[in-house]
Amino acid sequence: MQRTLWVLWVIGVVSAIFAAWLRWQVERQYRTVALVVDGNEVRTLQALTGRTMTKVLSELKKFGATGVAVSAKLLADWVQEGKVQVKGETLIASNPETLFRIRSSIGRQFGVQLPEPKQESIGWSLTLPSPNLLIAPIFVGLDRELAEVANKIGLAVVARLPNPAGLTENGLQFWLDEVRSVNAFVIMFEGEEVFGYRTMLPTVAEAFKQTDCQVGILELVSQKGDKALAAMLPEKVVRVHSISARELVNFSQPELVDRFVRAVRERNIRLCYIRIPFHLKGDPLTVAQEYLSTLNQELEQKGFANGVPSPMPSPALPIWLWCLICLGAVTTGIAFICLFAPLSALQQWGLAIIGVLIGLALRLLQPIWAAKLVALGVAVVAPVLAIWFGMNQTLRSGSRWKRATMGIATCLAMTIACGLIEAAAMFDHRFWLKISEFSGVKVSQLLPFLITIAIVFTQWMDTAELEIRERYRIAQSNFQSLLETPVKWGQAIGLLVLLAAVAYWLVRTGNEPGLGVPMWELKLRAAIEDILGVRPRFKEFLIGHPMLVLSFFFLTGTHLEAKIGQWLTVPAVIGLASMMNTFSHAHTPIAQSLLRTFHGIWLGVLIGVLLVLILKWFSAARDRRLRSFSFAAKSEPAQAELGQG
C-alpha cells in the first residue's frame, strides 16, 4: 500500500483512540448500580422471621438494598391470602377498598362493568357476572401494599408487569396507572414474554416513552419481544442481571457475589436483581443481610456507587470523526487487498475515496448497519495483516531475538490498533447496552484462520518477490498437488481431529455460545480473575500468543525452521482473532477490553518465551549428546590402532 495511505491509516487509528477516550468518559460517569430484592421473597422473609414488613425492608436497606420489585397480583392470590372470600358468584371482603379495586381493575381491563360493592352483615360483597372470572387469570394490579412500605422507608420500586391475555389499549392504560401508583423507576417483565408481546409492542413502546421509567432487559435469559422492545426504547434501557431460583442453589455466597460483580464490571449491568439464597445455612434475614452487604462492599471497592442508575448517556459521534475512523477501516482493507492483487497508486486512492463515501452514505442512512459492516470487515482482515507485516519484520537484519521481538511487537500492535478501529466503528450506546450487537462473530474467527492456512500452504510469503501471475501459478500448482495426493489413514484421522477441534472452538465462540462452560473452567476463570482483576482469554494466553512467539522465533532460523514457523502462524492467528473479538464486545467497557488484552499479551508472550527456552535447552542437550557420540565413535578406532601397535 502507498505510504500516503499508511499516513491516512495512522490518522484513522488516532481518531479511533480519541473515540475510545470519549467512550471511556461516558462509561466512567455511568457507574451507579441498583441492588433490587424480589418482593415475593421479601414476603417470605417476613413470614419466616415474624417481623413486620417495614422492619424487614429497613434491615435490607441498611445492608445495601436499593429497591424492591413488586409483582402483579392475581385475584386468585387474594383469595388464597384470605383478603377475599368466595361464596358462589359473590366476593366477600372486610375492607370495601379491596372490592372497589377488583371492580375497577376488571372494568378497566376488560370493559366489564360490575355493580358497586354492598355492605352486608358479614362484610362487603361484590357480585360477579360469572363464576368463570374466578377461573381465568384475572390480575387486580401491582402489589401496592409492599410498594407503599418501600416508598415510606426510601427504597426504590421496580414494577414487574405480566403480559395478560387480551391486552387492549384500555388495559395498557390501566397498567401504566399501576406503575405510577407504586412510583416505579424501572419496569421489568414477568414470565417468558415482555408486556405487549406480540401484537402491541409499538403501542407499549410509545406509552413507555411518556413515563419516567427505565425498562429493564434481562441478560442471558431471553424474554420474547425483549430485543424488539429495547430497539424501540434505546434511551430507556437498563441492563439487568439475575440468577434464577433453579440456578441459585448451585452457588455459594462468594460465587454469587463474584458473578454479580463480574456482570457489573464487564457487561454494563446496572441493576442487580437479587434473589435471597434461602439454601444457605443460618437465619434467612441474616443470610440476606450478609449477601447484600458483601456484594455492596465489593462493588464499592471496584469504584461503583449504590443507588438508582440514570439512563446511559447517548452521545453522538461527530460525522467528521466517523469519516476518519471509516478511513482507517478502508485503508486496512486496501492493505489487505494489496497482499493478493497489486494496485496502482491511483487505484488505491480511488478505492479509499469510494470506500469512505460508501461508509458515509451508510452512516447517514443506516448507522447501525454501517457500524456492523465496518467492524466485521476490520475484524476479518486485521489478524491476517498483522501476521503478514510481523513476518516481514523477521526478514530485516539483526540478531535472531531482535528480529523475532520486532515481528511479535508489530503483529500485536497492529492488531490492537485495528481492534480500536473496530470498537470505534460501534460508537453507539445501543451497542454498549447490547441492544444491537456485532454481527458475524464466528465468521470473523474462522476466515482469518482459513486465509492464513491458504497463505502458508500456497507459499504466498515465499514467492513475494515474483510477479503476481507466477505467484498464482505456484499457488494453483500447490492446490492441485494436494488434490492429487492420495490420503493415508493417519492423515485422514489427523484431519478429522483438526476439524473437530475447529468445530469445538467455533461452537464455544460467539455472543451466545452453543456449549455451556464446564464448572472446572468457571472456577479457573474466577481464580485467574481474583489474581489479575480481569480474566484474559484462554485462546490468547494459552494458545495464540505462545504459538506466536514460537512462530516468529522459528521464522528467524534456518530454512527448515522458517517453514515450521510459517505453519505455526496458523494457531497463532487464533489469538489475534480473539483479540479482535474482545473489541467487538461493545457492551464491555473499553478499559476492561484493553486490560483483558494486555493481560493476555504479557501472559501469552511469557509462556511463549518459556517454551522457546525449553526448546533451546532440549536442542542444546541433543547437540551435546550427538557430539559425545561422535567423539566416542572417533576415539574407538584410535584406541584400536594403539592396541595393535
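The structure displayed is predicted, hence computed values, not measured ones. Numbering of residues starts from 1 in each chain and follows the order in which that chain's sequence is written. For this predicted model, a pLDDT threshold of at least 70 governs which residues receive local features, and a threshold of 80 or more governs which side-chain atom pairs are given and counted, while totals over whole chains, interfaces and linings are taken from all residues. Excluded from the side-chain calculation are hydrogens and water; included are all heavy atoms of the structure.

Quick word on the overall build of the protein chain
When helices and strands are tallied, the protein chain shows 25 helices and 14 strands. Relative to a compact globule of 645 residues, whose C-alpha radius of gyration would be 26 Å, the protein chain shows 32 Å and is clearly more extended. C-alpha extents for the protein chain along the principal axes are approximately 135 × 70 × 50 Å. The buried label goes to any residue with under 20% of its type's maximum accessible area, the exposed label to any with over 50%, and the partly exposed label to all in between, with areas taken from a 1.4 Å probe on protein chains only. A total of 645 residues make up the protein chain; the buried ones form 50% of that total. Counting only contacts in the protein chain whose residues sit at least 6 apart along the sequence, the fraction spanning at least 24 positions is 78%. With the model as given, the accessible surface of the protein chain reaches about 30,600 Å², and the carbon-plus-sulfur share is 62%. For the purpose of charge, His is not counted, nor are the chain termini; Lys and Arg are scored as positive and Asp and Glu as negative. Charged side chains are reduced to one point each, which is NZ for Lys, CZ for Arg, CG for Asp and CD for Glu. For the protein chain, the separation between the mean place of its 62 positive charges and that of its 49 negative charges on side chains is 6 Å. Strands are runs of DSSP state E lasting at least 2 residues, helices are runs of H or I lasting at least 4, and numbering of each runs from the N terminus. Our radius of gyration looks at C-alpha atoms and nothing else; its globule reference is 2.2 Å times the residue count to the power 0.38. Contacts were defined at the residue level, with two residues in contact if any of their heavy atoms lie within 4.5 Å. Accessible surface is estimated by sampling points in the Shrake-Rupley manner with a 1.4 Å probe; for residues, cover comes only from the protein chains shown.

Considerations on the pairing of strand S2 (residues 67-70)
Alternating positions in S2 separate into two faces, Gly67 and Ala69 on one and Val68 and Val70 on the other, with burial throughout. One requirement defines pairing of two strands: DSSP has to find at least two bridges between them. Here three bridges tie strand S1 (residues 32-38) to S2, and the two strands are oriented parallel to one another. Paired with Val37 across the two strands is Val68, which belongs to S2. Relative to strand S9 (residues 156-161), S2 runs parallel, the two sharing four bridges. Bridging across to S9, Gly67 finds its partner in Ala156.

Section: the environment of Leu45
The topology assignment puts Leu45 in helix H2 (residues 39-49). For Leu45 and Leu285, which are 240 residues apart along the polypeptide, the C-alpha to C-alpha distance reads 6.5 Å. In this structure Leu45 touches Val56, Leu60, Ile276, Phe278, Pro284, Leu285 and Ala288, once residues within four positions along its chain are discounted.

Some thoughts on the environment of Val502
Inspection of the secondary structure puts Val502 in helix H21 (residues 489-507). In the structure, Val502 is positioned 171 residues away from Thr331 in sequence and 30 Å away in space, judged by C-alpha atoms.

Quick word on the packing of helix H16 (residues 367-393) against helix H24 (residues 559-584)
The interhelical angle for the contact between H16 and H24, taken along N-to-C directions, is 135 degrees, at an axis separation of 9 Å. Here H16 is positioned oblique relative to H24, judged by the angle of their axes. Relative to H24, H16 is oriented so that their crossing is right-handed. Judged by residue contacts, Val378, Ala379, Ala382, Pro383, Ala386, Ile387 and Met391 of H16 engage Gln566, Thr569, Val573, Leu576, Ala577 and Met580 from H24. Residue type decides the class: Asp, Glu, Lys and Arg count as charged, Ala, Val, Leu, Ile, Met, Phe, Trp, Tyr, Cys and Pro as nonpolar, and the leftover types, Gly among them, as polar. Its residues assigned to classes, the contact of H16 with H24 shows eleven nonpolar, two polar and no charged. Only the stretch in contact is used when fitting a helix axis, every axis being a line fitted to C-alpha atoms; angles between N-to-C directions are given from 0 to 180 degrees. These descriptions rest on fixed angle ranges, namely under 35 degrees for roughly parallel, over 145 for roughly antiparallel, 65 to 115 for roughly perpendicular, and the rest for oblique. In a left-handed crossing the near helix is turned counterclockwise from the far helix by less than a right angle, and in a right-handed crossing that turn is clockwise.

Overview of the packing of aromatic side chains
Between the rings of Phe, Tyr and Trp (Trp by its six-membered ring), a pair exists once the centres lie within 6.5 Å; its type follows the angle of the planes, with under 30 degrees stacked, over 60 edge-to-face, and the other angles tilted. Counted by the stated rule, this structure contains 15 aromatic pairs. For the ring pair Phe340 and Trp460, a centre distance of 5.9 Å and an interplane angle of 35 degrees mean the geometry is tilted. Of this pair, Phe340 sits in the loop between helix H14 (319-338) and helix H15 (345-365) while Trp460 is found in the loop between helix H19 (441-457) and helix H20 (468-484), placing the two residues 120 residues apart along the sequence. Cluster of aromatic residues (ring-pair linked, three or more members): Phe336, Phe340, Trp460 and Tyr472. By definition, being over a ring means that NZ of Lys or CZ of Arg is both within 6 Å of the ring centre and within 35 degrees of the ring normal. Between Arg31 and the ring centre of Phe304, over which it is positioned, the NZ or CZ distance is 4.0 Å. The positively charged end of Arg400 is found above the aromatic ring belonging to Phe553, 3.9 Å away from the centroid.

As for the sheet that holds strand S4 (residues 85-87)
Taken together, the four strands give an open sheet; going across it, the order is S4-S5-S7-S6, and neighbouring strands pair in antiparallel fashion. One side of each edge strand has no neighbouring strand; the edge strands of this open sheet are S4 and strand S6 (118-120). The sheet shows a mean angle of 35 degrees between the axes of neighbouring strands, taken without regard to direction. As paired strands, S4 and strand S5 (residues 90-93) are joined by three bridges and run antiparallel to one another. The partner of Lys87 across the bridge, within S5, is Thr90.

Observations concerning H24
To estimate how far a helix should extend, the number of its residues minus one is multiplied by 1.5 Å. Under the 1.5 Å per step criterion, the end-to-end length of H24 is 38 Å for 26 residues, consistent within 8% with the ideal 38 Å. Here the bend at a residue is taken as the angle between two axes, fitted respectively to the seven residues that end there and the seven that start there. Pro571 marks where H24 bends most, by close to 35 degrees. With 19 of 26 residues buried, H24 lies mostly within the body of the structure.

Quick look at a nonpolar patch on the surface
Like charges within 9 Å and nonpolar side chains (Val, Leu, Ile, Met, Phe, Trp, Tyr) within 5 Å are joined into patches, using only residues over 30% in relative accessible area that form no salt bridge. The salt bridge definition used is simple: a Lys or Arg side-chain nitrogen within 4 Å of an Asp or Glu carboxyl oxygen. Among the surface-exposed residues, Phe18, Trp21, Trp24, Ile319, Trp320, Leu364 and Leu365 lie close enough to one another that they form a single nonpolar patch of about 790 Å² accessible area. Elements represented by at least two residues in the nonpolar patch include exactly helix H1 (3-29), H14 and H15. Sorting elements by how many residues they give to the nonpolar patch places H1 first, with three residues. Mapped onto the elements of the fold, Leu364 is located in helix H15.

Side note on the pattern of salt bridges
This structure, assessed with the given rule, holds 25 salt bridges. Among the salt bridges present, the one from Arg239 reaches Glu219, with a minimum N-O distance of 3.0 Å. On the criterion of sequence distance, the pair formed by Arg239 in strand S12 (residues 237-242) and Glu219 in the loop between strand S11 (214-218) and helix H10 (226-232) is long-range, its members being 20 residues apart. The two residues Arg239 and Glu219 agree in class, both being buried. We note a salt bridge from Glu437 to Lys434, for which the minimum N-O separation is 3.8 Å. By relative accessible area, Lys434 is classed as partly exposed at 24%.

Just distances and angles here, no functional claims.
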